[in-house]
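Chains, contacts and geometry: an overview
The chain contents come next:
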Amino acid sequence: MKTGDPPRLATWMLRRALPRGVPGDTILGDLIEEWNARRVARLKGSPSFRGISGATGARGFSTFWYWRQALLVVARYAWRRERSTEPAATGARSIRMSTDNFLQDLRYGVRSYAKSPSFTAVVLTTLALGIGASTAIFSMVNGILLQPLPLPDPDRLVYANETNPKGDSISVSWPNYLDWRVRAKSFDALALSRDEAMALTGSDRPQRVRARRVTGNTFAALRVAPAIGRAFTDADDAPGAAPVVIVTDAFWRGQLSADPRVLGQNMRLDGVQHTIVGVMPNGFEFPRFFFPRPHDLFVSMGPVSGTPNLTDRGNHNGYAAIGRLAPGFSVESAGEELKTIAAALEHEYPNSNSGVRVRTARLADQLVSAIRPTLLTLLGAVGCLLLIACVNVANLLIARGASRQHELAVRAALGGGRLRLANQLLVESTLISLAGGALGVAVASWLLRMLITMAPDATPRITDVRLDGTALLFALVASATCGVVFGALPAFQASGVGGQHALVRGRAAGFAARSHRLRRGLLVVETALALMLLAGAGLMMRTLRQLTHVDVGIRTEHLLTTRIQLADERYTPARRVTFYGDLLSRLRAVPGVSNAAVTLSLPIDGSNWNSIFTVADKPVPERAKLPSAAFTPVSTGYFETMGIRLVRGRLFDATESPDSPKTVAINETLARRLWPGEDPIGKRLKQGWPETPDHPTKPGAYFAPWREVVGVVSDVKMNGITSETPLQAYLPLVQEPARGLAMVIRTAVDPASLVAQIESVVRDLDKDLPLAQTRTMDQVLDASIARQRVSMIIFVVFAIVALTLASVGLYGVVAHGVTERTHEIGVRMALGADARHVLGLVVRQGLSMAVVGTVIGVAGALALSRWIQSLLFGVTATDPATFVAVVATLLAVATLACGIPAWRATHVDPTTALRAE
Amino acid sequence: MAPAYLGEFEQLLLLAILRLDANAYGVELARELETRAGRTVSRGHLYTSLDRLEDKDLLRWKPTPGTPERGGLPRRLYSVTPAGIGALRASRDTLRRMWRGLEDVLKEPTS
């Protein structure tokens with residue numbers, strides 16, 4: 001026989017994979033021999049090899065065969081290379097044996113799952129849903145609550161703000177901050193900053209940018225330095241220092257074309273020229289408290305640090321402090337020190353600082369404190385869901401174990417050890433758990449993307465949420481745990497098969513009865529968990545309903561809002577008044593617009609100006625008890641545009657002018673609080689402290705005039721749907737023309753259709769005025785309850801999945817019970833029992849499980865009610881109506897799940913049933 | 001010691017070795033399985049199964065000189081050990097026990 005050489009690469013791979021020496025050589029030799037034999041047989045046209053003839057064809061055919069066999073051999077041998085030339089020593093051999101056994105079990109498991117595709121599909125789906133949902137929620141919890149902030153040493157960063165006499169959090173006043181900085185020893189660097197939406201003008205399109213005004217030591221406190229240029233210094237804080245700006249990397253690339261010569265260029269922000277002195281590194285993000293998206297740039301304190309607004313110790317202008325702890329100090333000790341300093345300041349400056357205290361927290365905690373309860377509750381809910389999924393799978397595996405008892409008994413009779421069998425089943429259940437987990441990761445990735453899209457803009461640290469290594473590790477651990485814990489049960493049960501007994505088919509095998517009891521117990525657990533999720537979903541639905549039915553105090557439909565900022569220096573108060581007058585008359589002339597007005601603060605969004613005040617005809621309370629109200633300058637036509645009702649007196653009209661006597665309109669709550677039972681019209685109030693002058697004592701000095709109440713209007717939910725109505729005082733815009741206002745436009749048509757026209761109206765008046773936050777009032781309303789809405793959606797989805805799993809599980813157990821009791825049912829029917837009797841029997845048995853589960857579930861839900869209360873509004877966590885509805889729903893579904901197999905049971909042919917033995 | 005448990009394929013392998021006797025080389029084993037038992041088996045599966053049987057002491061092999069058709073590489077000549085015979089015997093007896101009484105059910109239909 002003419003010999004040749006088989007493919008050299010395949011041979012090389014074989015040599016690497018096979019054992020060294022004679023053992024490997026013999027196998028390689030066999031393959032070469034067969035390759036040659038096939039080639040020759042092909043050439044000879046042997047009938048055992050069909051296909052192409054000819055030398056090339058023969059060679060190609062045998063080469064294909066050789067490659068195929070080589071790869072299969074390499075796959076088997078590659079991982080267990082031995083270097084000895086003799087048959088292996090015992091230790092290595094036993095490792096090889098157990099690995100062989102493992103591979104065998106694995107292959108057997110894959111084959112047996114492939115043989116029952118619907119069972120496998122159900123288990124995989126259940127696991128994928130459970131593991132996917134929990135991995136997605138865990139990713140959110142991880143990114144938002146657990147991961148440290150992406151800053152150096154984030155645990156050493158402290159957040160501090162002040163509190164008013166009532167204990168509400170307020171911002172930090174500039175002079176107080178300066179004193180903290182000088183006196184406090186706990187900080188390496190204590191910085192102050194606040195968010196500002198600024199207008200960037202000078203190019204063809206004015207735009208709004210998200211800026212943060214920061215003190216010079218801010219980047220030192222954060223321990224991040226600009227990638228290009230320099231950071232701010234204390235010199236940039238000095239009053240009147242040249243305005244400078246540091247841009248973020250994203251802004252530099254997006255708006256400045258990543259120009260390397262950017263340093264020294266100028267930008268016009270709010271009408272003031274700022275010089276660019278630095279660019280922050282890629283990936284840096286300032287912690288976000290307010291803006292839904294990362295900041296664009298940072299501006300220095302110099303332009304504002306000398307203004308009367310800031311230097312007045314009693315003014316709290318929206319700034320917050322962030323400090324880096326000095327070595328040896330903790331958050332608690334720093335907090336104590338600041339409290340001591342605040343107490344000292346209270347003594348030194350009783351006029352402005354009475355009752356003003358300090359509040360500190362870890363920066364990371366401060367960022368996420370609002371959302372922590374929601375996230376943890378969702379984590380608990382998804383944990384329930386995962387548990388339900390696992391219990392369901394365990395149930396299915398037990399049922400499968402029960403139906404395989406015959407097969408397993410045969411194997412046991414043929415000599416398979418008990419441990420070997422248990423191993424087999426464990427490998428099988430781990431296999432399908434890991435497969436389910438892998439699918440679950442795919443589900444999680446999709447679900448997480450959806451959650452991030454749905455999440456309210458204001459969700460803190462949402463950009464830190466991703467499906468990362470930690471989340472994948474969670475998914476792996478969850479799947480493995482499912483497989484081992486809930487597969488072990490059926491494994492050890494089934495492996496304890498007493499060979500002879502199980503070989504006899506029939507009822508009353510003790511094993512079958514035990515597994516049935518176990519399944520019923522697991523089902524009770526499932527039902528209890530499902531009920532808890534249903535209760536949560538029900539309460540969230542009630543909450544959302546309550547939220548959407550709150551009377552906000554305005555008519556929100558067909559109302560468009562947008563913000564403008566007259567920041568430029570040329571907009572003196574007089575020019576602002578003229579501007580607003582022009583703006584409103586042009587807006588009202590736009591076809592489709594019914595009415596238009598401007599206001600400093602938009603309802604629901606929150607008041608931008610809160611101030612203490614005194615009233616003329618009442619004794620002045622002590623400083624700590626001075627009332628505080630939301631003061632809102634509004635144009636004429638505001639109340640009509642918003643649909644706010646006049647209760648007494650009159651609304652603002654042409655009577656109000658810059659030189660006319662100062663007036664104010666108040667809301668019902670303020671009227672009731674300050675003048676209970678009296679007519680407030682004609683009464684007078686004044687902003688500020690009792691000693692604040694009511695006329696200018698010297699140029700530029702702060703003063704607050706007495707204002708006469710001319711009207712009482714209905715309440716408005718100024719600070720959000722869920723917060724209580726504040727005291728509200730409206731000022732005529734002509735007497736208090738603010739720089740930054742929100743426009744409100746009542747339309748007869750779809751508000752979105754008029755946006756372009758409104759933009760052009762503003763552009764005609766001033767081409768350098770960008771509009772910001774253009775949305776309808778309905779959108780503002782929706783955004784304010786977005787968090788509750790998303791939570792509700794998630795809860796409802798979990799509850800539906802849980803209910804489906806539990807009812808399918810119940811159906812399975814009841815159906816199985818019917819099969820087991822076929823003989824008994826046949827006997828009963830042969831003895832004259834009618835269909836109703838049989839039906840009742842089966843349904844009662846099934847419902848008993850559901851009822852027990854429901855009772856346990858209700859107890860569980862009531863016990864955990866404390867944790868969910870913070871997410872609810874307008875409904876208690878133990879609301880009886882909700883619980884009644886939820887229990888009824890569950891029992892109704894359970895009845896249906898029992899009813900189907902029960903109905904089938906009534907169609908059992910007694911003669912067939914009696915024969916089934 | 002109780003005889004080891006034999007899977008179906010393992011039984012076929014041992015029986016093939018016994019049939020081939022002095023010709024029980026790897027290539028011939030594969031051919032025997034194919035023609036007599038109708039089983040096409042990948043070489044990876046074949047050799048690892050033989051290795052496993054060797055680990056369980058149910059067969060042994062000795063090297064014999066090679067031929068030019070195999071690049072001069074040696075061959076393995078397999079033989080079944082007494083333990084292997086015992087295992088085969090046990091498997092046969094078990095199957096006989098299982099078959100007993102079922103001749104009627106399993107006999108070929110005559111019509």
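All figures in this text were calculated on a predicted structure; none of them were measured in a lab.

A word on the overall build of chain B. Along chain B, the regular secondary structure elements total 5 helices and 2 strands. The linear arrangement of helices and strands in chain B, starting from the amino end, is α-α-α-β-β-α-α. Across the 111 residues in chain B, those meeting the buried criterion constitute 46%. Across chain B, the fraction of contacts at a sequence separation of at least 24, relative to all contacts at a separation of at least 6, is 57%.

Within chain A, the secondary structure is distributed over 30 helices and 22 strands. Here chain A, with 917 residues, has 52% of them falling under the buried criterion. Here the analysis covers contacts within chain A between residues at least 6 apart in sequence; of these, 80% occur between residues at least 24 apart. Surface exposure of chain A reaches about 40,400 Å², of which carbon and sulfur atoms provide 60%.

Attention now goes to the pattern of salt bridges. Residues and elements named next belong to chain A. What the rule picks out here adds up to 45 salt bridges over all chains. Of the charged contacts in the structure, one is a salt bridge between Arg-650 and Asp-653, with a shortest N-O distance of 3.5 Å. Assessed through its relative accessible area of 26%, Arg-650 is described here as partly exposed. Three or more residues joined by partner-sharing salt bridges are found here, namely Asp-155, Arg-362, Asp-365 and Arg-372.

Here the focus is unusual backbone geometry. Residue and element names in this part refer to chain A. Not every positive phi belongs to a glycine, and Arg-223 is a case in point at roughly 60°. Its place among the elements puts Arg-223 in the loop between helix H7 (218–222) and strand S5 (228–229). Judged by relative accessible area, which is 46%, Arg-223 ranks as partly exposed.

All names here are of chain A. Going through the model one piece at a time under the given rule, you end up with 16 aromatic pairs over all chains. Ring geometry for Phe-639 versus Phe-652: centroids 5.9 Å apart, planes at 55°, classification tilted. Here Phe-639 is found in helix H21 (residues 638–642), whereas its partner Phe-652 is found in the loop between strand S16 (646–649) and strand S17 (663–667), with 13 residues between them in sequence. Each member of the pair, Phe-639 together with Phe-652, is buried. An aromatic cluster is defined as three or more aromatic residues linked by ring pairs; in this entry it consists of Phe-219, Phe-232, Phe-284, Phe-286 and Phe-298. We note Arg-575 situated over the ring of Tyr-571; from NZ or CZ to the ring centre the distance is 5.5 Å. Above the plane of the ring of Trp-706 lies Lys-686, whose end atom (NZ or CZ) is 5.7 Å from the centre.

Let's shift gears to the packing of helix H25 (residues 786–820) of chain A against helix H27 (residues 835–863) of chain A. For any two helices packed against each other, the geometry is given by the interaxial angle and the distance between the axes. All names here are of chain A. Two elements in contact, H25 and H27, have axes whose closest approach is 10 Å; the angle formed by their N-to-C orientations is 140°. Between H25 and H27, the interaxial angle falls into the category oblique. In the crossing of H25 with H27, the sense of the turn from one axis to the other is right-handed. Here Leu-810, Val-813, Val-814 and Val-818 of H25 come into contact with H27, specifically with Val-842, Gly-846 and Met-849. Looking at the contact of H25 with H27 residue by residue, the class counts come to 6 nonpolar, 1 polar and no charged.

All names here are of chain B. By the criterion of burial, strand S2 (residues 75–80) is predominantly enclosed, with 5 of the 6 residues buried. Sheet topology note: the strand S1 (residues 59–64)/S2 ladder contains 6 bridges and is antiparallel. Residue Leu-59 lies in a different strand from S2, and its bridge partner there is Val-80.

Right, let's talk about the nonpolar core for a bit. Residues Phe-284, Leu-533, Tyr-638, Phe-639, Ile-644, Tyr-730 and Phe-798 of chain A are the most contacted members of the largest nonpolar core, which totals 103 residues. Element by element, the count of residues in this core is highest for helix H19 (residues 510–548) of chain A, at 12 residues. Residue contacts for Tyr-638 of chain A: discarding those within four places in its chain leaves Ala-597, Val-598, Thr-599, Ser-601, Pro-603, Ile-644, Tyr-730 and Val-744 of chain A. Counting residues in each nonpolar core, the second largest holds 41 residues, with Ala-17 and Tyr-77 of chain A together with Leu-20 and Leu-58 of chain B among its members.

Before going further, it helps to examine the environment of Ile-745 of chain A. All names here are of chain A. Here Ile-745 shows up in strand S21 (residues 740–747). With 186 residues separating them along the chain, Ile-745 and Leu-559 place their C-alpha atoms 5.6 Å apart. When residues no more than four places from it in sequence are discounted, the contact partners of Ile-745 are His-558, Leu-559, Leu-560, Leu-587, Val-593, Asn-595, Ala-596 and Ile-758.

This brings us to the environment of Asn-395 of chain A. All names here are of chain A. With respect to the helices, strands and loops of the structure, Asn-395 is situated in helix H14 (residues 372–403). Take Asn-395: its relative accessible area is 2%, and that puts it in the buried class. Between the C-alpha atoms of Asn-395 and Leu-810, which are 415 residues apart in sequence, the distance is 9.9 Å. Contact partners of Asn-395, with chain neighbours within four places excluded, come to Arg-519, Leu-522, Leu-523, Glu-526 and Val-813. Here the side chain of Asn-395 touches Arg-519 through a polar contact of 3.0 Å, side chain to side chain.

Below, the discussion takes up the interface of chain B and chain A. If you look at the interface, chain B gives 27 residues, while chain A gives 32 residues. Together, the buried faces of chain B and chain A total about 2,900 Å²; carbon and sulfur atoms form 58% of this surface. Of all residues in chain B, Arg-43, Asp-55 and Glu-69 of chain B bury the most surface against chain A, accounting for 21% of the area lost on that side. There are 3 salt bridges connecting chain B and chain A. Linking Glu-34 of chain A and Arg-43 of chain B is a salt bridge whose minimum nitrogen-to-oxygen distance equals 2.6 Å. The interface formed by chain B and chain A includes 11 residue pairs in polar contact (both at pLDDT 80 or more). Of all the secondary-structure elements, those providing two or more residues to the side of chain B that touches chain A are helix H2 (26–36), helix H3 (43–55), S1 and S2 of chain B. If one sorts the elements of the side of chain B that touches chain A by residue count, H3 of chain B sits on top with 9 residues. Its residues placed into classes, the side of chain B that touches chain A shows 8 nonpolar, 7 polar and 12 charged.

With respect to the helices and strands, Thr-632 of chain A occurs in strand S15 (residues 628–634). What Thr-632 of chain A contacts, discounting residues up to four positions off in sequence, is Thr-599, Leu-600, Ser-601, Met-718, Ala-729, Tyr-730 and Leu-731 of chain A.

A low pLDDT score tells you not to read the predicted coordinates there in detail. Residue and element names in this part refer to chain A. Scored by pLDDT, chain A comes out at a mean of 86, with 91% of its residues at no less than 70. Highest mean pLDDT in chain A belongs to strand S6 (residues 244–247) (96); lowest belongs to helix H18 (residues 499–503) (43). Low pLDDT, under 50, characterises residues 82–89; the stretch is placed with 11 contacts to residues that sit more than four places away or in other chains. Low confidence marks residues 498–508, where pLDDT is under 50. Its contacts with residues over four positions away, or in another chain, come to 13 contacts.

Time to look at helix H24 (residues 777–784) of chain A. Residue and element names in this part refer to chain A. All of the buried residues along H24 are Met-777, Val-780 and Leu-781. All buried residues of H24 lie within an arc of 100° about the axis, which places them on one face of the element. The inward-facing, buried residues of H24 abut strand S12 (559–565) and strand S22 (772–776).

For H2 of chain B, every residue scored as buried is listed here: Gly-26, Val-27, Glu-28, Leu-29, Ala-30, Glu-32 and Leu-33 of chain B. Looking at the buried positions of H2 of chain B, the neighbouring elements they touch are helix H2 (22–43) of chain A together with helix H1 (8–20), H3 and S2 of chain B. Downstream of H2 of chain B by one or two residues, Gly-38 of chain B has phi in the positive range, about 65°.

A few words on the pairing of strand S3 (residues 187–201) of chain A. Residues and elements named next belong to chain A. Most of S3 sits inside the fold, with 12 of its 15 residues counted as buried. As judged from the 6 bridges shared by S3 and strand S10 (residues 320–325), these two strands associate in the antiparallel manner. Following the sheet pairing, Phe-187 is matched in S10 by Leu-325. Inspection of the sheet shows S3 paired to strand S4 (residues 207–214) by 8 bridges, in the antiparallel sense.

What follows is about a nonpolar patch on the surface. Residues and elements named next belong to chain B. Residues Leu-95, Met-98, Trp-99, Leu-102, Val-105 and Leu-106 make up a contiguous nonpolar surface patch of about 600 Å² in total accessible area. Of all elements in the fold, only helix H4 (82–99) and helix H5 (103–106) reach the threshold of two or more residues within the nonpolar patch. With 3 residues, the top contributor of residues to the nonpolar patch is H4. In this structure, Val-105 sits in helix H5. Judged by its relative accessible area of 65%, Val-105 falls in the exposed class.

In this section: the confidence of the model for chain B. For chain B, per-residue confidence averages 89 on the pLDDT scale, and residues scoring 70 or more make up 96% of the total. Among the scores for the predicted complex, ipTM is 0.90 and pTM is 0.70.

Before going further, it helps to examine the packing of H2 of chain B against H3 of chain B. All names here are of chain B. Direction vectors running N to C along H2 and H3 enclose 110°, while the axes themselves pass 11 Å from each other. Judged by the inter-axis angle, H2 sits roughly perpendicular to H3. Handedness of the H2/H3 crossing: right-handed. The segment H2 lies against H3, with Gly-26, Leu-29, Ala-30 and Leu-33 engaging Arg-43, Leu-46 and Leu-50. Of the residues contributing to the contact of H2 with H3, the split by class is 5 nonpolar, 1 polar and 1 charged.

Quick notes on the rules
Residues numbered from 1 in each chain as written. Chains lettered and ligands numbered in written order. Predicted model: local features only at pLDDT ≥ 70, side-chain atom pairs only at ≥ 80, totals over all residues. Heavy atoms only, no water. Helix = DSSP H or I, 4+ residues; strand = E, 2+ residues; numbered from the N terminus. Buried < 20%, exposed > 50% of the residue type's maximum accessible area, 1.4 Å probe, protein only. Contact = heavy atoms within 4.5 Å. Areas by Shrake-Rupley, 256 points an atom, 1.4 Å probe, with all protein chains shown as cover. Salt bridge = Lys/Arg side-chain N within 4 Å of Asp/Glu carboxyl O. Phe/Tyr/Trp six-rings, centres within 6.5 Å; stacked < 30°, edge-to-face > 60°. Lys NZ or Arg CZ within 6 Å of the ring centre and 35° of its normal. Axes fitted to C-alpha atoms, helices over the stretch in contact; angles between N-to-C directions. Parallel < 35°, antiparallel > 145°, perpendicular 65-115°, else oblique. Left-handed = near helix turned anticlockwise from the far one by under 90°. Nonpolar A, V, L, I, M, F, W, Y, C, P; charged D, E, K, R; others polar. Pairing = 2+ DSSP bridges. Core = buried A, V, L, I, M, F, W, Y, C linked by side-chain atoms within 4.5 Å. Polar contact = N/O pair within 3.5 Å; in protein donor to acceptor, adjacent residues only side chain to side chain. Buried area = accessible area lost by both parts, 1.4 Å probe. pLDDT = per-residue confidence, 0-100. Arc of directions from axis to C-beta. Patch = residues over 30% accessible without salt bridge, like charges linked within 9 Å, V, L, I, M, F, W, Y side chains within 5 Å.

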